[in-house]
Amino acid sequence: MTMKKIATLAVLAAAASASYAQSSVTLFGIADATVQVGRGSVDNNVGLGSGGLSTSRIGFRGVEDLGGGLKAGFWLEAGYTLNNGNGQNSNALAFTRRSTVSLMGDSWGEIRLGRDFTAPYNNLYDAFGDNGVGNILETQDLGLGYGLQTRTSNAVSYFTPKTLGGFFGQVQYYRNGRDASPAANRDQYGNGYGVRVGYENGPVSVGVAYGDTDYNDTTIGAKVDTKNINFGGSYDFGVAKLLVSVGQDKGEALGESAKTRLYTVGTTVPVGAGLVRASWTRASQKDSEVRADKFALGYVHNLSKRTALYTTFAYLKNKDASSLALNGSVTGAGDSSKGLDIGLRHAF
């Protein structure tokens, strides 16, 4: 082979490498199984569950460099229950966790279309998130409309760039239809919008978010309007991180309104190859006899960068008419409930 041919092949190989480098697709996921124990004053429960530390999921995401600082991306993510192999919300596996396509620019931010997290949900600061027996007490568990809406379909979202000196923002608008019954998934219907602004720099992160969703409840023949506002923040001291969230949901229907308030204070503490997590959470409905407090303590031990063993214990105290229970157990109004998770998570 002549030197000229070798040089030509080298140029073609370099060009091909550059072309492929401009576009990438990643397969990712989490497999998380947990033994769940629940204790209540009425009935107990023991079983194998999924997502005690992180929701079991599988997905595809990719980014293409269009040049001039412009990029296009997509994200398809489906949740599933590892203990039985079903989809997260049905027997079928569907991309209901996230399905979006985006245009991104370093100087102007990102426009994202599709199904995604809501702005108020993105503003939660909690040691356990919404997974496992220690998860934050979501206000819809107290029976108030949408409560803390996690996701929404048919959304158009804008995210500010990461070049604003630590300040960030999100604006979101969605239309899912106005007619629904309570049996339908909360995040599959309703029209609304959300806004989030905040600041993140070094050990400090703070934010405030607001969301408003309305729909027609076909069972009562009336419009239901829910509003959510929450404030949150965290500070990383190095030896420990402190997380605080305060939120309120207000639902209006048939001329009456109800408010549910949420407070949580938590911490995460690195210990060698592991992480200790602890939190206190309170959810209560104003002007009604419904209130619950949860105390949770957990430990995550990382066997590697991708695999971890974990355990979480939680104690929930109801007051008055509240009867929330942990891990599938049943408890009476005003009684307590206990829950324990022991699990294994593997990320790929």
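Rules of the game
- Residues numbered from 1 in each chain as written.
- Predicted model: local features only at pLDDT ≥ 70, side-chain atom pairs only at ≥ 80, totals over all residues.
- Heavy atoms only, no water.
- Helix = DSSP H or I, 4+ residues; strand = E, 2+ residues; numbered from the N terminus.
- Contact = heavy atoms within 4.5 Å.
- Areas by Shrake-Rupley, 256 points an atom, 1.4 Å probe, with all protein chains shown as cover.
- Salt bridge = Lys/Arg side-chain N within 4 Å of Asp/Glu carboxyl O.
- Buried < 20%, exposed > 50% of the residue type's maximum accessible area, 1.4 Å probe, protein only.
- Core = buried A, V, L, I, M, F, W, Y, C linked by side-chain atoms within 4.5 Å.
- Pairing = 2+ DSSP bridges.

## Some words on the overall build of the protein chain
Counting its regular elements, the protein chain contains 2 helices and 19 strands. Intrachain contacts of the protein chain at a sequence separation of at least 6 include 54% that bridge at least 24 residues. Carbon together with sulfur atoms contributes 59% to the accessible area of the protein chain, which is approximately 17200 Å² in total.

## Considering the side chain of serine 279
Its place among the elements puts serine 279 in strand β16 (residues 274-285). Among residues more than four places away in sequence, those in contact with serine 279 are Asp126, Phe128, Gly134, Val265, Gly266, Lys294, Phe295 and Ala296.

## Describing the pattern of salt bridges
Going through the model one piece at a time under the given rule, you end up with 9 salt bridges. Across the pair glutamate 110 and arginine 112 runs a salt bridge, and its minimum N-O distance is 2.9 Å. The class for glutamate 110 is buried, based on a relative accessible area of 12%. Through salt bridges that share partners, Arg57, Glu77 and Arg97 make up one connected network.

## What to know about the nonpolar core
One finds Leu137, Leu262, Ala292, Ala314, Leu316, Leu324 and Leu326 to be the most contacted residues of the largest nonpolar core, which totals 15 residues. The contacts of leucine 137, once residues within four sequence positions are left out, are Leu262, Thr281, Ala283, Ala292, Lys294, Leu316 and Leu324.

## Comments concerning the side chain of serine 234
Within the secondary structure, serine 234 sits in strand β13 (residues 222-236). Assessed through its relative accessible area of 12%, serine 234 is described here as buried.

## Observations concerning the pairing of strand β18 (residues 307-320)
With 13 bridges connecting them, strand β17 (residues 290-302) and β18 associate as antiparallel partners. Note that in β18 the partner of glycine 298 across the bridge is threonine 312. What sits between the antiparallel neighbours β17 and β18 is a turn of 4 residues. Where β18 and strand β19 (residues 336-347) come together, 11 bridges link them in antiparallel fashion. Opposite threonine 311, over in β19, you have isoleucine 342 as the bridge partner.

Worth remembering: the numbers are spatial, not functional.
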